[in-house]
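Summary of the model geometry
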Amino acid sequence: MVFFKVLRASVQTGLRFQGTSARAATSTLKTAQGGFRFELTDQQKEFQEVARKFAREEIIPAAPSYDKSGEYPVALIKRAWELGLINSHIPESCGGMGLGIFDACLITEELAYGCTGVQTAIEANSLGQMPVIIAGNDMQKKKYLGRMTEEPLMCAYCVTEPGAGSDVAGIKTRAEKKGDEYVVNGQKMWITNGGKANWYFLLARTDPDPKCPASKAFTGFIVDADTPGVQMGRKEMNMGQRCSDTRGITFEDVRIPKENVLIGEGAGFKIAMGAFDKTRPPVAAGATGLAQRALDEATKYSLERKTFGRLISDHQAVAFLLAEMAIKVELARLAYQRAAWEVDEGRRNTYYASIAKAFAGDIANQVASDAVQVFGGNGYNSEYPVEKLMRDAKIYQIYEGTAQIQRLIISREHLVKFKN
Amino acid sequence: MSARVLVGVKRVIDYAVKIRVKPDNTGVVTDGVKHSMNPFCEIAVEEAVKLKEKKLIKEVVAVSCGPQQAQETIRTALAMGADRGIHVEVSGKDYDNLGPLQVSKILAALAKKEETSLIILGKQAIDDDCNQTGQMTAALLDWPQGTFASEVVLEGDKVKVIREIDGGLETVRLKMPAVITADLRLNTPRYATLPNIMKAKKKKIDVVKPGELGVDLTSHLEVLRVDEPPQRQAGMKVETVEELISRLKEAGRM
C-alpha cells in the first residue's frame, strides 16, 4: 500500500524516474568546497534537456522503421549534428565544443533512450576521433577533426579483424614503409560506420618480427575512405541496432602518406587502447539509456495491464521485478558517472571505465529481458517496443571490449592496486 | 532599421506534468515540479529571432517577471537567439499575486524605457489561460494590437498580422510600435543547439525591480479556492435508441 503511494507520487513528478532531473532542483545548491555531489550544473541540465527532447520527439517515432529496414538514419544524424549533439569531444580549436566525457555521457544516455542503433552510429564517431584527439598533431587535428564540424561527416575506428577481436595484438593487417608512404594490406571486420565513414582510424602492424612486443609493433594511421584500394564489404545484418552500419573492409595496397601516422611508427597500440578509457564511459551510458527505457516501458505497461482483477504492478512478483530493474539502472548510472568524472579530472580511469562498461552491458541485457517478461506474450511481439530493446542490448556485452575482457582488466587493476 | 523587439517569456509548469492541487486548495503544487518556458512564449521568441535573422529588426530582448528561477527561462530564450535578457525580480507574495494587469504594466514601462518597436508575446500562458497580457499591454501603451497571430510580415513602418479568429483568418495592418500575440501556427520553435546554449551564458541578463520602473504591483483579485475538475462519472450502456432518449429526458438533458 505504501509502495503504491510512493510509486504513484514518483510517476506524477515526471515521465521518468531519473534522479537527476525529474526532481527539478529549484532549491539553491549548498556548495561546499570539495566533497561528493550528485548535482548537475545548469549547463549540463540544459544539454541533457536538448538531447532528451530530440530523443523523445524525433528518434523514438522513427526508430521502429529504421530497425525494420536497417536503413542508415541519415536524417536523424544530420539533425543531431545540427543541434551540436555529435562531435562534442572535438577541441574548440577545431571548431568543436571541447566538452568533457561527463557531458558526452549525459547526451549519449538520452540518445540511447531513443534508439541505441542511432546512438551507436553517432558514438562510433567519437571512437574514431578519439585517437586523433589524444594523439594527433595540430595539422592532423585541424584537417580531420575540423571537417567534422563543418559538415555532418562520419568516421570509424578500424581495428577488429575477422581473426582478432579481443586479441588486438593478434591483428594481421600489415603496413610496409615504402619511401614517404606506407602500403597497407589486410582485412578488417565489424567496423561500425564502415560504409559511411569519410575517414578511418586504422591500426596495422608495421613491425613484421613476431618477437616484437605489442607496444612497439603497431602503428595508428588516419586513412581517407576514398583512398584507392579501400574496399567496403556488404552491410551486415545483425541481431539488433540494425540501423547502424557494420561492415568488413578490405585494404589492398592502400597507400597512406607518412603525414597520416599518429605520433610515430610503433606507437599505435597504446593510442588504440588509450582511446577506450574515454569511450567506455559513453558506451556504458548508452547501455544505461537502453536499460532506463526498458524500465520505463515495463513500468508504464504494468500500470495499465490487469490480471487476476488487479493491475500487474500490484502483484509483488512484478513489483519486485521492477524494483530489481530500478536498482540496476541507478547503479549503472552512478558507475558511468564516476568513470567519466575521473577521466575529466585528469586521472587514469581504466578501472572505473571497465567496471562501468562491464556492469552496464550486463544489466542492460538483464533489464531488457525482464522488460519483455513484464510485458508477457505482448513483449515477445514486434508491435511492442521491448523486444527490440532485448535484441539491441546484446552487443553491449561484446563491443568496445567484451564482458570477459572487462573482467580481465578489472581483476588486473584491482590486484595491482591491492598489492601497492 | 534600429528596431528593437521585446519578447515576454513566462516560466510555467511543464506541459507534460500531471498537475496536482495543493491539499489546502490555495493553488497547485509547484515545489520540485518541472517548469519550462510557456509554449506560446517559445513561439513568440522564435518569431522575433526569425525577424532578426531576416535582418528586419536589430535586437531581441527577452523579458521575464518572477523569482530567481525566471532567469532559467530567459537563458532558454537567449539560447534560441535572443540578444539579451531583462529579469524583473518579483518574489514571495507579490509573485503569487502577479497577474496579467501587473505584468502588462511592467512590460509597458519597459517598452518605453527600451525604445521598443514591437512587443511579441504568447497569446496566453498554459497555467492561467488568461489571454489578457498582450491586450492590456497594448491598451496601457495606446498601441495597436494584432492578437492570435498566425503570420507576421513587416512592411516598412507597419506590420501586417494575419489573425486566427472563429470565422477564419483576419488580416490587419498595424502602424508600429505595436503589440502582437503569437498563436500556435505562427511557427515551429527551434531547439536550442548545444553551441548556442554555451554562447548564451555570455549574454547579459539585467535585473530590475518593479519599483525602479514605477510599477505598482497591487492586485485587485483574490483567489478564493482552487479545485480539481470534477471526476469523470461512469457512463451507462443502453440497448435501444428509445431507451437512450428516455434516459436523456429523465436526466433533464433533453
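In the annotation of an unreviewed UniProt entry, chain B is listed under the name Electron transfer flavoprotein subunit beta and assigned to Scleropages formosus. The record in UniProt for chain B states the following under Sequence similarities (unreviewed entry): "Belongs to the ETF beta-subunit/FixA family." One UniProt comment on chain B, placed under Subcellular location (unreviewed entry), says "Mitochondrion matrix".

With an unreviewed UniProt entry as reference, chain A is termed Medium-chain specific acyl-CoA dehydrogenase, mitochondrial, source organism Scleropages formosus. Looking at chain A in UniProt, the text filed under Sequence similarities (unreviewed entry) is "Belongs to the acyl-CoA dehydrogenase family." Listed under Subcellular location (unreviewed entry) in UniProt, the entry text for chain A is "Mitochondrion matrix".

1. Side note on the sheet that holds strand β6 (residues 118–122) of chain B
All names here are of chain B. Strand order in the open sheet made by the nine strands is β9-β8-β7-β10-β6-β1-β4-β5-β11, with mixed pairing throughout. The sheet is open, and its two edges are formed by β9 (168–175) and β11 (205–208), each paired on a single side. Strand-to-strand twist in this sheet, taken as the mean axis angle between neighbours without regard to direction, amounts to 30°. As paired strands, strand β7 (residues 145–155) and strand β8 (residues 158–165) are joined by six bridges and run antiparallel to one another. From the neighbouring strand, Val152 faces β8, where its bridge partner is Val161. Running at roughly 165° to strand β5 (residues 84–89), helix α2 (residues 70–80) makes contact with β4 (59–66), β5 and β11 of the sheet.

2. Focus on helix α2 (residues 42–69) of chain A
All names here are of chain A. Over its 28 residues, α2 extends 39 Å from the first C-alpha to the last, a length consistent with the 40 Å expected when each residue adds 1.5 Å. Along α2, the sharpest change in direction is near 45° and occurs at Ile59; proline Pro61 comes one to four residues later. With its phi angle positive at about 75°, Gly70 sits one or two positions after the end of α2.

3. Quick look at the nonpolar core
Residues Tyr157, Trp199, Phe201 and Leu203 of chain A are the most contacted members of the largest nonpolar core, which totals 73 residues. With 15 residues, the top contributor of residues to this core is helix α8 (residues 268–302) of chain A. In this structure, Cys115 and Ile122 of chain A together with Ile57 and Ile205 of chain B belong to the second largest nonpolar core, which totals 67 residues.

4. Quick word on unusual backbone geometry
Between Met176 of chain B and Pro177 of chain B the backbone carries a cis peptide bond, its omega angle lying at 5°. Examined against the element boundaries, Pro177 of chain B turns out to sit in the loop between β9 and β10 (178–182). Its identity is not glycine, yet Ile263 of chain A carries a phi of approximately 65°, on the positive side. Residue position: Ile263 of chain A is located in the loop between β7 (246–257) and α8. Backbone geometry places Phe308 of chain A, a non-glycine residue, at a positive phi of 50°.

Rules and cut-offs
- Within any chain, residue numbers begin from 1 and follow the written order of that chain's sequence.
- All chains are assigned letters beginning with A, and all ligands numbers beginning with 1, in the order in which they are written.
- Only residues with pLDDT of 70 or above have their local features reported here, since the model is predicted, and side-chain atom pairs are shown and tallied only from 80 upward, although totals for entire chains, interfaces and linings are computed over all residues.
- Note: side-chain values were computed over all heavy atoms of the structure, leaving out hydrogens and water.
- UniProt positions are given in the numbering used here, feature names are shortened, and annotations may be inferred rather than shown by experiment.
- At least two bridges found by DSSP between two strands are what make those strands a pair.
- To qualify as a helix, a DSSP run of H or I must reach at least 4 residues; to qualify as a strand, a run of E must reach at least 2; elements of each kind are numbered from the N terminus.
- Only the stretch in contact is used when fitting a helix axis, every axis being a line fitted to C-alpha atoms; angles between N-to-C directions are given from 0 to 180 degrees.
- Throughout, a contact is declared for two residues whenever any of their heavy atoms are within 4.5 Å.
- Expected span of a helix, by definition, is 1.5 Å for each gap between consecutive residues, and there is one gap fewer than residues.
- A residue's bend is the angle separating two fitted axes: one through the seven residues that end there, the other through the seven that start there.
- Take the buried Ala, Val, Leu, Ile, Met, Phe, Trp, Tyr and Cys residues and link them wherever side-chain atoms come within 4.5 Å; each set so joined is a nonpolar core.
- Accessible area is worked out with a 1.4 Å probe on protein chains only. A residue is then buried under 20% of its type maximum, exposed over 50%, and partly exposed in between.

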